[in-house]
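Fold and contact review
What follows is each chain in one-letter form.
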Number of protein chains: 2
Amino acid sequence: MTQHPQVVIVGAGFGGLRAARALKRGDVRITVIDRRNYHLFQPLLYQVATAGLSPNDIAYPIRAALRRQKNTRVFLAEVVAIDTKRRKVILQDGEVGYDYLILATGAGHSYFGHPQWEAYAPGLKNIEDALEIRRRILLAFEMAERETDEERRRALLTFVVIGGGPTGVELAGAIAEIAYTVMVQDFRSIRPQDACIILVEAGTRILPFMPESLSLKAEAALKRLGVEIVTNSPVTAVHQGMVMAGTQTIRAGTVLWAAGVEPSPLARSLCVPLDDVGRVLVNPDLSIPGHPEVFVVGDLAAFVDKTGKLLPGLAAVAVQEGRHVARNILRMCNGLPSEPFHYVDLGTMATIGRAAAVVNFNWVMLSGFVAWIIWIFVHILLLIGFRNRFVVLFDWAWSYVSFQRSARLITGGWEK
Amino acid sequence: MTQHPQVVIVGAGFGGLRAARALKRGDVRITVIDRRNYHLFQPLLYQVATAGLSPNDIAYPIRAALRRQKNTRVFLAEVVAIDTKRRKVILQDGEVGYDYLILATGAGHSYFGHPQWEAYAPGLKNIEDALEIRRRILLAFEMAERETDEERRRALLTFVVIGGGPTGVELAGAIAEIAYTVMVQDFRSIRPQDACIILVEAGTRILPFMPESLSLKAEAALKRLGVEIVTNSPVTAVHQGMVMAGTQTIRAGTVLWAAGVEPSPLARSLCVPLDDVGRVLVNPDLSIPGHPEVFVVGDLAAFVDKTGKLLPGLAAVAVQEGRHVARNILRMCNGLPSEPFHYVDLGTMATIGRAAAVVNFNWVMLSGFVAWIIWIFVHILLLIGFRNRFVVLFDWAWSYVSFQRSARLITGGWEK
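For the structure given in this document, a descriptive report is provided here.

We now examine the overall build of chain A. Counting its regular elements, chain A contains eleven helices and 25 strands. On the principal axes, the C-alpha backbone points of chain A span a range of 75 × 50 × 45 Å. For chain A, long-range pairs separated by at least 24 residues make up 63% of all intrachain contacts whose partners lie at least 6 apart in sequence. Of the roughly 17000 Å² of accessible surface on chain A, a fraction of 55% belongs to carbon and sulfur atoms. Computed over 44 positive and 38 negative side-chain charges, the inter-centroid distance for chain A is 6 Å.

Before going further, it helps to spend a moment on the environment of V10 of chain A. Residues and elements named next belong to chain A. Locating V10 in the fold gives a position in strand β1 (residues 6-10). Relative accessible area serves as the criterion here: at 3%, V10 is assigned to the buried category. Taking the C-alpha atoms as reference points, V10 and L103, 93 residues apart in sequence, are found 5.1 Å from one another.

Turning next to the interface of chain B and chain A. Between chain B and chain A, the residue contacts involve 54 residues of the former and 54 residues of the latter. Carbon and sulfur atoms make up 53% of the area that chain B and chain A hide from each other, which totals about 4900 Å². Summed over the shared surface of chain B and chain A, the number is eight salt bridges. Across the pair R67 of chain B and D186 of chain A runs a salt bridge, and its minimum N-O distance is 2.5 Å. The tally of links from chain B across to chain A stands at 30 residue pairs in polar contact (both at pLDDT 80 or more). Elements with a contribution of two residues or more to the side of chain B that touches chain A: β4 (59-61), α3 (62-65), β5 (72-76), α4 (127-146) and α10 (386-402) of chain B.

Turning to the sheet that holds strand β8 (residues 94-97) of chain A, a few remarks are in order. All names here are of chain A. The three strands lie next to each other as β6-β7-β8, forming an open sheet whose pairing is antiparallel. Strands with a single pairing partner mark the edges of an open sheet, and in this sheet they are β6 (79-83) and β8. Averaged over neighbouring strand pairs, the angle between their axes works out to 20° when direction is ignored. Bridging between strand β7 (residues 88-91) and β8 involves four bridges; their strand directions are antiparallel. Considered in β8, the bridge of V89 is made with V96.

On to unusual backbone geometry. All names here are of chain B. One non-glycine residue with positive phi stands out, namely L286, at about 75°. With respect to the helices, strands and loops of the structure, L286 is situated in the loop between β19 (280-281) and β20 (287-288). Residue L286 is classed as buried on the basis of its relative accessible area, which comes to 0%. Within the chain, N362 stands out as a residue other than glycine whose phi angle is a positive 75°. Relative to the assigned elements, N362 resides in the loop between β24 (356-360) and β25 (365-367). Among the residues examined, N362 registers a relative accessible area of 45% and is labelled partly exposed.

Attention now moves to helix α7 (residues 212-225) of chain A. Residues and elements named next belong to chain A. Over its 14 residues, α7 runs 20 Å from end to end, which matches the ideal 20 Å to within 8%, given 1.5 Å per residue. Within α7, the full set of buried residues consists of L214, S215, A218, E219, A221 and L222. Seen end-on, α7 carries its buried residues on one side only, within an arc spanning 165°. Within α7, the exposed residues directed more than 90 degrees away from the buried face are E212 and R224. Where the residues of α7 are buried, they touch α6 (166-182), β12 (196-200), β13 (227-230), β23 (348-353), β24 (356-360) and β25 (365-367).

What follows is about the packing of aromatic side chains. Applying the stated rule across the entire model yields 31 aromatic pairs over all chains. Measuring from centroid to centroid gives 4.1 Å for F390 of chain A and F394 of chain B, while their planes differ by 15°, and the two rings are stacked. Of the two residues, F390 of chain A sits in helix α11 (residues 386-402) while F394 of chain B sits in helix α10, which places them in two different chains. According to the relative accessible area criterion, F390 of chain A is partly exposed, its value standing at 29%. According to the relative accessible area criterion, F394 of chain B is buried, its value standing at 14%. Connected via pairs of aromatic rings, a cluster forms that spans F386, F390, F394 and W398 of chain A together with F386, F390, F394 and W398 of chain B. Across the ring face of F75 of chain B, the terminal group of R146 of chain A is positioned such that the distance to the ring centre comes to 5.1 Å.

As a further point, take the side chain of D129 of chain B. All names here are of chain B. The topology assignment puts D129 in helix α4. Buried charge D129 goes without a salt bridge, the closest partner of opposite sign being R36 at 7.1 Å. Among the polar contacts listed, one links the side chain of D129 to the side chain of H109, at a separation of 3.2 Å. Residues in contact with D129, not counting those within four places in the same chain, are H109, G123 and L124.

All names here are of chain A. Here strand β14 (residues 235-239) pairs with strand β15 (residues 242-245) via four bridges, running antiparallel. Residue pairing in the sheet places V235 in a bridge with A245 of β15. Hairpin connection of β14 to β15: two residues between the antiparallel strands, including G241 at a positive phi of 70°.

All names here are of chain A. A cluster of nonpolar side chains, contributed by F369, I373, F377, L393, Y400 and V401, occupies part of the molecular surface with about 540 Å² of accessible area. Listing elements by their share of the nonpolar patch, those giving two or more residues are α10 (369-382) and α11. In this structure, I373 sits in helix α10.

Attention shifts here to the relation of the copies chain B and chain A. Rotating chain B by 180° and translating it 0.0 Å along the rotation axis places it on chain A, where the RMSD comes to 0.0 Å. Between the two chains, the operation in question is that of a two-fold axis. A share of 100% of the interface residues of chain B reappears at the interface of chain A, consistent with the copies meeting face to face through the same patch.

In the contact formed by α11 of chain A and α10 of chain B, the axes pass within 11 Å of each other and the chain directions differ by 170°. Accordingly, the angle class assigned to the pair α11 of chain A and α10 of chain B is roughly antiparallel. In the packing of α11 of chain A onto α10 of chain B, the handedness of the crossing is right-handed. Seen from α11 of chain A, the contacting residues are F386, R387, F390, V391, F394, D395 and W398 of chain A; seen from α10 of chain B, they are F386, R387, F390, V391, F394, D395 and W398 of chain B. Partitioned by chemical class, the residues of the contact of α11 of chain A with α10 of chain B number ten nonpolar, no polar and four charged.

Let us now look at the sheet that holds strand β23 (residues 348-353) of chain B. Residue and element names in this part refer to chain B. Spatially, the three strands line up as an open sheet ordered β23-β24-β25, and their pairing is antiparallel. Among the strands making up the open sheet, the edge pair consists of β23 and β25. Direction aside, neighbouring strands of the sheet carry axes that sit 5° apart on average. Of the pairings in the sheet, the one linking β23 to β24 comprises five bridges and is antiparallel in character. Across the sheet, the residue bridging to T351 is A357, located in β24. In this fold helix α7 (residues 212-225) packs onto β23, β24 and β25, with an angle of close to 170° to the strand it touches most, β24. Contacts from helix α9 (residues 369-382) reach β23, β24 and β25, with the element oriented near 115° to β23.

Let us look at the pairing of strand β1 (residues 6-10) of chain B. Residue and element names in this part refer to chain B. For β1, the tally of buried residues reaches five of five residues, placing the bulk of the element in the interior. Burial along β1 is two-sided: Q6, V8 and V10 and V7 and I9, pointing in opposite directions, are all buried. At this point the chain moves from β1, through helix α1 (residues 14-22), to the parallel strand β2 (residues 29-34), and the crossover so formed is right-handed. Where β1 and strand β9 (residues 100-103) come together, four bridges link them in parallel fashion. Its bridge partner lying in β9, V10 is registered against L103.

Moving on to α4 of chain B. All names here are of chain B. A rise of 1.5 Å per residue sets the reference length of α4, with its 20 residues, at 28 Å; its end C-alpha atoms lie 29 Å apart and thus fit the reference within 8%. Summarising burial for α4: 15 of the 20 residues are buried, a large majority. You can read the cap of α4 off the contacts: a side-chain oxygen lies 3.2 Å from the backbone nitrogen of E128, and it is on N126.

What counts as what
- Residues numbered from 1 in each chain as written.
- Chains lettered and ligands numbered in written order.
- Predicted model: local features only at pLDDT ≥ 70, side-chain atom pairs only at ≥ 80, totals over all residues.
- Heavy atoms only, no water.
- Helix = DSSP H or I, 4+ residues; strand = E, 2+ residues; numbered from the N terminus.
- Contact = heavy atoms within 4.5 Å.
- Areas by Shrake-Rupley, 256 points an atom, 1.4 Å probe, with all protein chains shown as cover.
- Lys, Arg positive; Asp, Glu negative; His and termini not counted.
- Charge placed at Lys NZ, Arg CZ, Asp CG, Glu CD.
- Buried < 20%, exposed > 50% of the residue type's maximum accessible area, 1.4 Å probe, protein only.
- Buried area = accessible area lost by both parts, 1.4 Å probe.
- Salt bridge = Lys/Arg side-chain N within 4 Å of Asp/Glu carboxyl O.
- Polar contact = N/O pair within 3.5 Å; in protein donor to acceptor, adjacent residues only side chain to side chain.
- Pairing = 2+ DSSP bridges.
- Axes fitted to C-alpha atoms, helices over the stretch in contact; angles between N-to-C directions.
- Expected span 1.5 Å × (residues − 1).
- Arc of directions from axis to C-beta.
- Phe/Tyr/Trp six-rings, centres within 6.5 Å; stacked < 30°, edge-to-face > 60°.
- Lys NZ or Arg CZ within 6 Å of the ring centre and 35° of its normal.
- Patch = residues over 30% accessible without salt bridge, like charges linked within 9 Å, V, L, I, M, F, W, Y side chains within 5 Å.
- Least-squares fit on C-alpha atoms with pLDDT ≥ 70 in both.
- Parallel < 35°, antiparallel > 145°, perpendicular 65-115°, else oblique.
- Left-handed = near helix turned anticlockwise from the far one by under 90°.
- Nonpolar A, V, L, I, M, F, W, Y, C, P; charged D, E, K, R; others polar.
- Right-handed = clockwise from strand over helix to strand, strands pointing away.

Here is the structure:
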């Protein structure tokens, strides 16, 4: 009796989880390793950071997602390195051998060589980050309510979001909504309407990956919400309560980072060429040079498509890559050659706030209410589990009619 | 023009929040001070600890709850002492004067003089506690899945709950449900059904405040769920992974504390007589000796009713006390004498798990499914806010039909 080949998947984000599911009926044994016990729906993480949703609305236990897949086991473990020579995944407390490996560990924040900025400008990659950002935003209003010095109060009510990509746009829009609609009646000494929300972008326009007309529409929608947009202003320094962007110095009680990503450091242990930010330069079939049995998918992979463009770090890319790699592994198990990957670009979207979004389907561009409804339904469908879909949809409907946010909790202490 | 009298309420739990609301139409200025920005529905906190609900389902922003009450302001601040001579509430960063004071700061855990036990046996009083307990319970199963030593694995799958009051009973029942129904298909190396859940009680029976027949029914329901009950066993020592209770030594990976409460230390700064555990011995109108303008309500007050019995630390008691004190303050503002408090005992209840509860209405006792339905509706009605009521009811219905739990997240690191 020959044993089925062992497939190890490191990381249960969009790429890893889809790969595991696509291998469900394969004659393989699968081990999914993640340092979290849940799959996180990152595109909605900014709503946790802005008190709109709870963490568990956008998270789903990996074990529960793979419960019925009897060829799969799940390990909660921290992977410290990959030994491609011995075909072992090295854990903090052990190792797991593989015949095929799918590395899908994604990316964290990059402060472009200034790691000391992180303390003053937290980024948004996981649930702990989101709760910390929520804590800082809500606490700023609470402290302003009790502040008697006018200048300090103004600084407390100034929020700077660095980075004009989708996360930065969505964060800035959501903070503006909290200040200008949710909280207007809640304070006695301050007027939350006086809050100042500034979105800082180094390049010439926000949402640079979108067509220029949609960037302009998003900019107009943000300005209607009350967000100030500062473009052409690379950040040169971040200190406690202060940001230097372009030629401006902004005093701000809350600074959030949505600018750069840094691929998982596991890439280095593969001992293959990386691109300039640290992504793995993968082969056309997403395997790595010299190791046809090792695949990299999602934000960790630098995949150049046939037009010579690097695929962006989107959930849709990771999902398609994960599925493709699973199919390739099944082909290889049957003695067939692996096939190159082709990305099918179904479009990109970003939401700006209440009833406003931009959607680029490539064949048609939409903005405003219709785009917002499309954004909502695409995101609801991509969530895992009926319960989460239902509760998120209910919470959105409730926020829309009540102008409230359901998760306005300051947890984890209130010292600034 | 005379200024309206200043009423300061410290603590926005059941007693404090009800008092604030009852003063809504009074000619008074109200300041509510709490070190949290939310009111917490503590009776359901055990469901957050056992992955059934999210923190924000049972929490509501104090500001939002009092938004429309224009005579009320809310301070997020830590109160360090009360100066009854100068009529000042002393904050960590300032002070607030009062004409009337309502002290409603409740109670924390008591380890009966063994504070070192807390690290090994966390208690359940706030959201951070609940998330820590949830983390420990879920992590124990994850670690057992990867443990190869049989004895260590058995210890990891042993859960001890100390204290047979409502919190202990509800925690033990909920852990049994997770192990024996929710997780049965999720693991490959362990059988969650092999988990051992032990409820330890120092006295002769669980739920000692209930009639004996209901205690026995609760005991039978817990045993049906698979919980082992150890009575007459005061805990004499708690170490890492080990509990000594009565004559037994139990090796357990997870130990939870639901045994004792310790009133808020603010009581001491009042300089009035306290009872043996530290509660304030209040006058019949809930004021303190020598200071008719200072009232204590809720878990912090030791109120002896006309039958000579001390009122228990229940939400219902705090709510009635809060409302009564508010009425007394309005009487005093109009030059009328304050009136003594009388508790109307509407009954007590506890839930044991899926479709099982005990309810004592004094005139009738119920158990089983009917009691469970009553328990559900009473708790839904007591929650604040339509959104929380709806989502909690939905989550309960969903858990009932799907045998799942919606909040199975390990957050805040996974080092044991």
